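Each chain, written out:
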Amino acid sequence: LLRSSQPLTGRNRRRCREDEKILGTILDEGERGFIIDTRSAQAAKQARMSGGGTEPKSSYPQWRRIHRALERGRPLQESFIRLVEACSDPSLTMDRWLARLDSSRWLSHVKAALSTACLAAQCLDREDSKVLVHGAEGTDTTLLVTALAQLILDPSSRSLQGFQGLLEREWIQAGHPFQLRCAHSASSHARGKQEAPIFLLFLDCVWQLSRQFPFSLEFGEELLLTLFDNAYASAYGTFLCNSEKERRLCKVKESTHSLWVWLNQPEEKHKYLNPLYSHNPLVIWPSVEPQSIQLWQGLFLRWIRPSQHLDEAWQEIQRLVEGN
Amino acid sequence: NVRLLDRLSSRRAVVGTLYLTATHVIFVENGSETRKETWVLHSQISSIEKQATTATGCPLLIRCKNFQVIQLVIPQERDCHDVYISLIRLARPVKYEELYCFSFNPKLDKKEREQGWKLVDLNEEYNRMGVPNNYWQISDVNRDYGVCDSYPTEVYVPKSATAHIIVGSSKFRSRRRFPALSYYCKSNNASICRSSQPLSGFSARCLEDEQMLQAIRKANPGSDFIYVVDTRPKLNAMANRAAGKGYENEDNYSNIKFQFIGIENIHVMRNSLQKMLEVCELKSPSMSDFLWGLENSGWLKHIKAIMDAGIFIAKAVAEEGVSVLVHCSDGWDRTAQVCSVASLLLDPYYRTMKGFMVLIEKDWVSFGHKFNHRYGNLDGDPKEISPVIDQFIECVWQLMEQFPCAFEFNERFLIHIQHHIYSCQFGNFLCNSQKERRELKIKERTYSLWAHLWKNRADYLNPLYRPDHSQSQGTLHPQIAPCNFLYKFWSGMYNRFEKGLHPRQSVTDYLMAVKEETQQLEEELEVLQERLANLQKSQSGNNKVKSKQQDQSKQFGLYTSNNSLANTPQEYSNDLKSFPSRSPSQGDEDSALILTQDNLKSSDPDLSANSDQESGVEDLSCRSPSGGGCLPSEDSGKDSDEAVFLAG
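Residues numbered from 1 in each chain as written. Chains lettered and ligands numbered in written order. Predicted model: local features only at pLDDT ≥ 70, side-chain atom pairs only at ≥ 80, totals over all residues. Heavy atoms only, no water.

Now for the pairing of strand E12 (residues 226–230) of chain B. Residue and element names in this part refer to chain B. Across the five residues that make up E12, a large majority, five, are buried. A two-sided burial pattern is seen for E12, the buried positions comprising Ile 226, Val 228 and Asp 230 on one face and Tyr 227 and Val 229 on the other. Where E12 lies against strand E13 (residues 256–260), five bridges are found, and the strand directions are parallel. By the bridge assignment for E13, Tyr 227 is matched with Lys 257. In this fold, E12 hands off to helix H6 (residues 234–241), which returns the chain to E13; that crossover is right-handed. Sheet topology note: the E12/strand E14 (residues 324–327) ladder contains four bridges and is parallel. Residue Val 228 lies in a different strand from E14, and its bridge partner there is Leu 325. (Buried < 20%, exposed > 50% of the residue type's maximum accessible area, 1.4 Å probe, protein only. Helix = DSSP H or I, 4+ residues; strand = E, 2+ residues; numbered from the N terminus. Pairing = 2+ DSSP bridges. Right-handed = clockwise from strand over helix to strand, strands pointing away.)

If you want it as structure tokens, here you go:
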């Protein structure tokens, strides 16, 4: 599984021998690979006007390109805001609630993200093919797909340690611009230009996986909520800045504490573990039918619905498992 | 050479043989290894659709009342037509004797059958509630069904309600369904009574009916008024006045507070379910298709309306200490729903397995809910069909989701009850009234579902339930507003047979197994400790103790490794065998069943599930070029089709 950003084909259909060579050497003689472009075919084509584009078939003959348009940027932010507003509106009737849930399109984005990740995973697992994922910048939807695909395919990323490693690799070191995406307004109306809840969308998709495979992730909802909180406002330096370069310039490692260190302390760790966890060596294929994708109540209704009875249920589960 | 199609992928068709028996439709797969069988009871068949013949054959779509949908393709059009005609006749019995319950034989003797029927005793239940007492008495005025033929022979009425008052009131009520006790709250004397609508028209009055309501009020000295709750929308109730019926006028009935709670009628509900099922049948719907379809059906809105009514009544009884009289039009649909939801909220006994059976017997069976008409035991007027009890059962599920520790039973219990309401395999839900059931001698000729469920109760337990848990005490208080988001689509019921949609491993089953194992271990520990104490007195036998301990640990070690096998999603069909305790409700899909009368006794609904136990099969071919959603899953066959990608 590879990731990159878009090729700078541009209006003049530029070619780059080195780029072609890299993608050429990755594949064996006669082998086919897949490029999953997280933009629609049209958007990808449009990108040429501003210097970007797609890999032309003639220059990359062994690669098949598939487009799976995933929402990002401003529209994704709008989607998030609409959902949050729908959740906190007490005056809605049931009809209006469903209508607003639908028009926020948040769950559609979850479905699309999971589907695309499954597609990538399928290419790797079923087709034994290599996959290159990219969108425009390679810092948002690209990472969403590659991180989810790994969770689906690789049991080691489903352990608590492994998941932290996945986040470090596929989000933090890969250069997701946390500061631009998350540092300001979250779901309020003061909308920064670069704000977008892509990382939250990722966490939502992980939650969907945990719901569909309750035994297969070593961590629980509590961890996902903590990550959400810390991405937006944190006492730790883990999610600061927009890239490794910036973190080095700001001397983040020298002047802040790591969230992972804190989480992994024995006194803290147990809060984040899933009592039902049992190592599952197989690939986990989620269902992306609409009925299988649910609203992440623990996040979106966190301050609205009482969680007491559900917390009690989790305590019971813990008690039963630990009692054994 | 009949093909059984997978709903989501017409590619995954299996070829087999179709059999029609007196009671079932059976499809047996041709595959040499599995010979998997799909059994469908005729009683379950809701509709049969013969579709246009294609090159591959003549398609036949069977829709079931338990939401199973079976798509067959029969090669010859003539054969298909024959099957179609036969099924139409088989699925529409005209006599009760045609129903499965009269031929079903679980190999119990007469005494056991009788015991089965005695499991739920309503007299015991009323005594448990605390009646008869100073305020409430049994009345046998209806002993020969002479007053109301849809009521039971014994009803509980207020002490001051004489036979004269009861009879007079019954003449002023639709279908003669006079106010009678549904639930009595010992701690504050408040009660829930039920009836049908008064025949008040625009101005008619009835002294006895007014006295009846006064009697109800007097039976609760703690309050000087009662609520009268009409569960219909105000417009409907008002329209009824033109037909000489209507609702209670606060001016005529002293000390009542009247309240409309608008729950729609059976026709609206029938259509609502229909629309929701259409959404479920969409091929590869988008999230929008689904949500819009769900909203358009109005189904969750109706569920919420029933729940809100139950909450209102429970609040009146528990918090205000005020008695409530509930009615709708005829007092056998919405009234039953709302009274039983309220009772469930109020009294933790009804949240136990036994209590729930009692609740259904009381508010649905004994009070004359028209099971035959509503659920089509016999061929009848399609306009009478409506998912009334289904809605109540869903309300219970919604509550279970909000209060996971509060119910002694689990989702499977609800699903199996729903299944058997339609299956006519047991006699509990036949006919339209107690009178009809007695005339048919149901108890002598059929078996009770409750005994069957009770025998298998280990499958139906909720591992999170503890009688001493806070959630299983007292009244449940669901959040009122905002609360729309608390209502979820029940895919476990409406997509029951599409295993690919559901979490692959049952947390419930796992936790039950854990609970059982812990219990076994604790018992073993006790025994061993005792033994050790005894042996410490004598010198010999130490070795015996050690080897016994080793055996135990080996045994339990095996158990835990079985659990990890069970957690492997893609081996779902295998893990059913590795659960050491039991899994009868999942059936024996893998065993080659011989089609004899013996098999007909295996009544478990999931046995007839045509579900593909292998979950999570990825199927590239169903992906549309525009990137429509697909059901990814795991399959041994490789369905790659690069043409799809090229088109994308």
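Before going further, it helps to examine the domain arrangement of chain B. All names here are of chain B. Once the domains are mapped, chain B shows domain 1 (2–92) and domain 2 (110–510). For the pairing of domain 1 and domain 2, the buried interface totals around 1500 Å² over both sides, and the portion due to carbon and sulfur atoms is 51%. Glu 281 serves as the salt-bridge partner of Arg 63, at 2.5 Å between the closest nitrogen and oxygen. Along the contact surface separating domain 1 from domain 2 lie seven residue pairs in polar contact (both at pLDDT 80 or more). Here the side of domain 1 that touches domain 2 is composed, by residue class, of five nonpolar, four polar and four charged. (Domains from an automatic or database assignment. Buried area = accessible area lost by both parts, 1.4 Å probe. Salt bridge = Lys/Arg side-chain N within 4 Å of Asp/Glu carboxyl O. Polar contact = N/O pair within 3.5 Å; in protein donor to acceptor, adjacent residues only side chain to side chain. Nonpolar A, V, L, I, M, F, W, Y, C, P; charged D, E, K, R; others polar.)

A few words on the interface of chain A and chain B. Every contact between the two is made by 66 residues of chain A and, on the other side, 74 residues of chain B. Here chain A packs against chain B, burying approximately 6200 Å² in sum over the two surfaces, 59% of which is carbon and sulfur. Where chain A touches chain B, the interface holds two salt bridges. The shortest N-O distance in the salt bridge between Lys 301 of chain B and Asp 95 of chain A comes to 3.5 Å. Applying the counting criterion to the chain A and chain B interface returns eleven residue pairs in polar contact (both at pLDDT 80 or more). (Contact = heavy atoms within 4.5 Å.)

Residue and element names in this part refer to chain B. Across the sheet, seven strands lie side by side as E4-E3-E2-E1-E7-E6-E5; this open sheet has antiparallel pairing. A strand with exactly one partner marks an edge of an open sheet, and here the two such strands are strand E4 (37–41) and strand E5 (45–50). On average, each strand axis in the sheet is tilted by 30° relative to the strand beside it, whichever way the strands run. The sheet contact formed by E5 and strand E6 (residues 58–64) spans five bridges and is antiparallel. Bridge pairing links Ile 45 to Cys 64 in E6. (Axes fitted to C-alpha atoms, helices over the stretch in contact; angles between N-to-C directions.)

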